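Fold and contact review
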Amino acid sequence: MLLLDADRLIDGAADFALVRGQLRIDGDRIVAVAPSGSADGGDGGASGDRRGGARPGDVRISLPGCTLLPGLIDFHTHAGIDTRHAGLSAQAHAPQPIATGDAVGRLQDDLRSGVTTARLCGDIGGLDLRLRAEIDAGRVVGPRLFVAGRAMRSPRGGGGAIASVLTDDPDDIAHAVRANLADGADLIKLFVSDGVGDPSRDPTACYYGEAHVAAATRHAHEAGRAVAAHLLGGPGVAEAIRGGLDVIEHGWFLSDADLDLAARHGTLITLTLGVLCGPDTRAFGGIPAEDARLLELGERACDTARKVIARGMRYVVGTDAVHGHLADEVRWLVALGETPVRAIQAATARPAQALGMAQRLGTLEPGKTADVIAVEGDPLADISTLRRIRLVVRAGRIVHGRAA
Ligand SMILES: [Zn+2]
């Protein structure tokens, strides 16, 4: 049994923190969550232990000054690229041994930053499926992965160096979806709109319409899988939602009408602000942080995110391959008006639910998988403490950190 004792515990379900929380972990499961020092250690006395819950052979880790939280879930990233560095296409198309080594390093940066689960939104050459298999088999230490495999876009445009099926034909899309599902994809990813990397292109120009999205959702939904689209805004939003789209990725320039439509259909939005707006993390091939066009686009993206938050819409957060910086995404949410608890839930309970994993992941509750992080300080008082990772436990195993 592993016992973690900290000053506070945020279980991700309630809207408050337990003072002096203790977590008991047996194997890969959480068996009890309780205030520390309760006579029975929080398991109702079933163990018959009356000395604070510890038994011979238990490992107890004291984390004074720390807060325990559920492991974080990065809902939109890519193992094959790091968007802080130039040459995304070259990164994505690196020879396999190099691409694999780099990807493992990036995922381990994520893990050390508290990300115990990552949703990978498109790869080149089946990289993410291979990584998932290696991690699941225990040969590589990394976050638990949910992967899209080969993403699809139009040959005419569509943001993203990381799409590997280029087609305008809905039948080809249906074929690629079936192939991805046969390979074990957990979700399907389309690029519907353009990106912001090329100043000569309109980021809200859309290349896929209702028929393209419907071709994907028909097969994906039959298999119980969601369809996500890189979609910054524009006419493709209404078309994609009519085609059955489940997740709008980025959504930086969604109009009020788009937000109304997404709310009516319960379409999930993945906010990824840091990759566009973050002072340290601005990406897109080394475009300078002071680039006036990107600054203006960043302002617009923040305005949209403010509305998503103020309206109480369904949303989660992702880094879009700014590896190791999911905590910054959570910090953005608070800066834009979200409460700290709901901001934390956007990177824990809500993505777990969106992945269909609410029974196992996303909160610290008995019976759930023991994905736990300890941070120095109190994130409810200062959300930036989420960056101060002391300990990361993934499925009951300490994968990063120190006891004191
Ligand atoms: Zn992406």
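Model, not experiment: these values are computed from the prediction.

1. A closer look at the overall build of the chain
Looking only at helices and strands, the chain has twelve helices and 18 strands in total. For the chain, whose C-alpha radius of gyration is 21 Å, the value lies close to the compact-globule estimate of 22 Å for 404 residues. When the backbone C-alpha atoms are referred to their principal axes, the chain occupies close to 70 × 40 × 40 Å. Within the chain, the fraction of its 404 residues that count as buried is 55%.

2. Some points on the nonpolar core
L4, L190, V227, A229 and V330 are the most contacted members of the largest nonpolar core, which has 126 residues in total. Two domains each put at least three residues into this core: domain 1 (2-71 + 363-401) and domain 2 (72-354).

3. Here's the deal with the pairing of strand β1 (residues 2-9)
The buried fraction of β1 is high, at eight of eight residues. Two strands pair when backbone bridges link them, and β1 and strand β5 (residues 59-70) are joined in this way by seven bridges, in the parallel orientation. Paired with D5 across the bridge in β5 is S62. Here β1 pairs with strand β2 (residues 18-19) via two bridges, running antiparallel.

4. What about the sheet that holds strand β6 (residues 72-77)?
Spatial strand order, β6-β7-β8: three strands in an open sheet with parallel pairing. Looking at strand neighbours, the two that pair on one side only are β6 and β8 (144-147), the edges of this open sheet. Going from strand to strand, the sheet's axes swing by 15° on average, the running direction of each strand aside. Here β6 pairs with strand β7 (residues 115-120) via four bridges, running parallel. For T77, the partnering residue across the bridge sits in β7 and is L120.

5. Let's talk about the domain arrangement of the chain
Parsing the chain into structural domains produces domain 1 (2-71 + 363-401) and domain 2 (72-354). The distance between the C-alpha centroids of domain 1 and domain 2 comes to 31 Å. On the domain 2 side, the residues contacting the 21 residues of domain 1 number 19 residues. When residues of the side of domain 1 that touches domain 2 are traced back to their parent elements, those giving at least two are β5, β17 (389-394) and β18 (397-401). By residue number, the principal contributor to the side of domain 1 that touches domain 2 is β17, which donates three residues. Across the side of domain 1 that touches domain 2, the residue classes tally to twelve nonpolar, five polar and four charged.

6. Some points on the sheet that holds strand β11 (residues 187-191)
Ordered by their spatial adjacency, seven strands build an open sheet running β10-β9-β11-β12-β13-β14-β15, and the pairing between neighbours is parallel. Of all the strands in the sheet, the pair left with one neighbour each is β10 (163-166) and β15 (315-317). Along the sheet, successive strands turn relative to each other by an average axial angle of 30°, direction set aside.

7. So, helix α3 (residues 127-136)
Residues of α3 that are buried include every one of L127, D128, L129, L131, R132 and I135, and no others. If you follow the buried residues of α3, they end up packed against α2 (96-112), β7, β8 and α4 (170-183). Downstream of α3 by a residue or two, G138 has a phi angle that is positive, lying close to 85°.

8. Some words on the environment of L23
Residue placement: L23 occurs in strand β3 (residues 21-26). With eleven residues separating them in the primary sequence, L23 and A34 have C-alpha atoms 6.6 Å apart. Here L23 is in contact with L4, L9, I30, V33, L68, L364 and V372, once residues within four sequence places are set aside.

9. Let's talk about the confidence of the model for the chain
For the chain, the average pLDDT comes to 91, and 91% of its residues sit at 70 or higher. Below a pLDDT of 50 lies the segment residues 39-51, which in the model reaches 22 contacts outside its immediate sequence neighbourhood of four places, other chains included.

10. Focus on unusual backbone geometry
Phi at D320 is positive, roughly 50°, even though this residue is not glycine. In this fold, D320 is placed in the loop between β15 and α10 (326-335).

What counts and how
Residues numbered from 1 in each chain as written. Predicted model: local features only at pLDDT ≥ 70, side-chain atom pairs only at ≥ 80, totals over all residues. Helix = DSSP H or I, 4+ residues; strand = E, 2+ residues; numbered from the N terminus. Rg over C-alpha atoms; globule rule 2.2 N^0.38 Å. Buried ≥ 20, exposed ≤ 12 C-beta atoms within 10 Å, placed from the backbone. Core = buried A, V, L, I, M, F, W, Y, C linked by C-beta atoms within 7 Å. Domains from an automatic or database assignment. Pairing = 2+ DSSP bridges. Axes fitted to C-alpha atoms, helices over the stretch in contact; angles between N-to-C directions. Contact = placed C-beta atoms within 7 Å. Nonpolar A, V, L, I, M, F, W, Y, C, P; charged D, E, K, R; others polar. pLDDT = per-residue confidence, 0-100.

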